[in-house]
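# Examining the three-dimensional arrangement
Next come the chains, spelled out residue by residue.
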Amino acid sequence: MAFSPLKKMTRTSQAAALAAALLLTAGCTNGIQVVVPSDAGLPTAVTADLVPLATRAPGIRQEMRYATRHNFLGRPVAGYEAGECWLSRAAADSLAAVQRELAGQGLALKVYDCYRPQKAVDDFVRWGRDMADQKNKDMYYPRVPKSELFKRGYIAEKSGHSRASTVDMTLVVVDARRASKWVRGPLADGIEVDMGTPFDLFDEQSHTDDARQSPDVQHNRRWLRSLMQRNGWKNLPEEWWHYTLVGEPYPDQYFDLPVRKN
């Protein structure tokens, strides 16, 4: 959906437009109104077609880590006021198609993160610069000095997630008997498919094609990548869980609207 620039406004009208736009986000599933800076420094009204994934693909499991303490910060991240997956409509509909394919294979998608507000990215940056806070090092970056997280690309000031068409995901077993035809390793109803490392492990072992992983894990990562590629997604080679929609609708826009309950 195209952006709709506003005419120049007074400070009062700018504030009123911003407040109105933010109010429109509550409970909206047919397009979330967002106000973003324009090149001229004035607000621009954008009808960003973002939707809760649950309204498009209820069969996809959600475990939104950054709305909880179960993440590398060890606390809820700024901008996550609810543990819900928001995506552009195009991305949500594409994931729904993936889920329909998986349903016949005894598997389901699980998402860990979807749209990520810029304020959450800023929170990551602040954490990354705080060398005193290393309480979760053993779990998330045991072999990488925290001082090198920026240099190695694990923390950055911009994230594709803020463009609302990137997801972090894995596979969950729904029917182990059927799933065994497609994925390998320990399989039981309700467990995640073995991908070798946990989500958000800052390590080369998380690279999708890491040759040190077992044959079963290598197969599972390649199988997930093939599945997603067939449905129009591209993997980030450094993270087996990270996928971005090819032809994403907002390639140059980084949104900052907080994730809220719908």
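Conventions we followed
- Residues numbered from 1 in each chain as written.
- Predicted model: local features only at pLDDT ≥ 70, side-chain atom pairs only at ≥ 80, totals over all residues.
- Heavy atoms only, no water.
- Disulfide = S-S within 2.5 Å.
- Helix = DSSP H or I, 4+ residues; strand = E, 2+ residues; numbered from the N terminus.
- Buried < 20%, exposed > 50% of the residue type's maximum accessible area, 1.4 Å probe, protein only.
- Phe/Tyr/Trp six-rings, centres within 6.5 Å; stacked < 30°, edge-to-face > 60°.
- Lys NZ or Arg CZ within 6 Å of the ring centre and 35° of its normal.
- Pairing = 2+ DSSP bridges.
- 1 Å grid on protein atoms, 1.4 Å probe; cavity = no way out; pocket = protein on both sides within 12 Å on 5 of 7 lines; lining within 4 Å.
- Points joined across faces, edges and corners; volume = space filled by probe spheres on them.
- Nonpolar A, V, L, I, M, F, W, Y, C, P; charged D, E, K, R; others polar.
- Salt bridge = Lys/Arg side-chain N within 4 Å of Asp/Glu carboxyl O.
- pLDDT = per-residue confidence, 0-100.
- Contact = heavy atoms within 4.5 Å.
- Axes fitted to C-alpha atoms, helices over the stretch in contact; angles between N-to-C directions.
- Polar contact = N/O pair within 3.5 Å; in protein donor to acceptor, adjacent residues only side chain to side chain.

Before going further, it helps to examine the state of the cysteines. Throughout this description, disulfide means a covalent bond between two cysteine sulfur atoms. Applying the stated criterion across every chain yields a total of one disulfide. What pairs with C85 in a disulfide is C114, and their sulfur atoms sit 2.0 Å apart. Residues C85 and C114 share a disulfide whose torsion about the S-S bond is about -105°; that sign makes it left-handed. Residue C85 is located in the loop between β4 (61-62) and β5 (86-88), and its partner C114 is located in the loop between β6 (107-113) and α4 (118-129); the two are separated by 29 residues in the primary sequence. Across this residue pair, the class does not change: C85 and C114 are buried.

Quick look at the packing of aromatic side chains now. All chains considered together, the criterion is met by 17 aromatic pairs. Plain terms: the ring middles of W182 and W223 are 6.3 Å apart, the flat faces sit at 45° to each other, and that makes the pair tilted. Here the residue W182 occupies a position in the loop between α6 (176-179) and α7 (215-230), and W223 occupies one in helix α7, the gap between them amounting to 41 residues. Here the basic side chain of K146 rests over the ring of W127, its NZ or CZ set 3.8 Å away from the ring centre. Here the guanidinium or amino end of K158 rests over the ring plane of Y254, the centre of that ring lying 4.9 Å away.

Burial analysis of β6 places seven of its seven residues in the buried class, the great majority of the element. Here two bridges tie β4 to β6, and the two strands are oriented parallel to one another. Counterpart to R61 in the pairing with β6 is K110. Across six bridges, the pairing between β6 and strand β7 (residues 166-173) is antiparallel. Across the sheet, the residue bridging to V111 is M169, located in β7.

Time to look at the layout of surface pockets. Its volume calculated, the largest pocket comes out at about 410 Å³. In terms of lining residues, the largest pocket is bounded by 24 residues, among which G153, Y154, I155, L236 and E239 are the most central. Taken together, the residues that form the lining of the largest pocket break down as ten nonpolar, six polar and eight charged.

Glancing now at the pattern of salt bridges. Under the definition given, this model contains 22 salt bridges. Here the salt bridges share partners, and the residues they tie into one network are E63, R65, K110 and E192.

Averaged over every residue, the pLDDT of the protein is 87; the share at 70 or more is 82%. Across residues 1-30 the pLDDT falls below 50, and counting only partners more than four positions away or on other chains, this stretch makes 39 contacts in the model.

So, on to the sheet that holds β7. With respect to topology, five strands assemble into an open sheet ordered β4-β6-β7-β9-β8, the strand pairing being mixed. Edge positions in the sheet fall to β4 and β8 (233-235), since each of these pairs with one other strand and no more. Packing against the sheet, helix α3 (residues 89-103) makes contact with β6, β7, β8 and β9 (242-245), and its axis sits at approximately 145° to β6.

With that settled, the discussion passes to unusual backbone geometry. For A164, which is not glycine, the phi dihedral falls at a positive 75°. Positionally, A164 belongs in the loop between α5 (137-140) and β7. For D200, which is not glycine, the phi torsion reads 70° and is therefore positive. Checked against the element boundaries, D200 lands in the loop between α6 and α7.

Quick look at the environment of K261 now. As for its placement among the helices and strands, K261 is situated in the segment after β9. The class of K261 is exposed, set by a relative accessible area of 64%. Along the sequence, K261 and E84 sit 177 residues apart, while their C-alpha atoms lie 7.0 Å from each other. Dropping the residues within four chain positions of it, K261 is found in contact with A82 and E84. Engagement of the side chain of K261 in a polar contact is seen with the side chain of E84, the distance being 3.3 Å.

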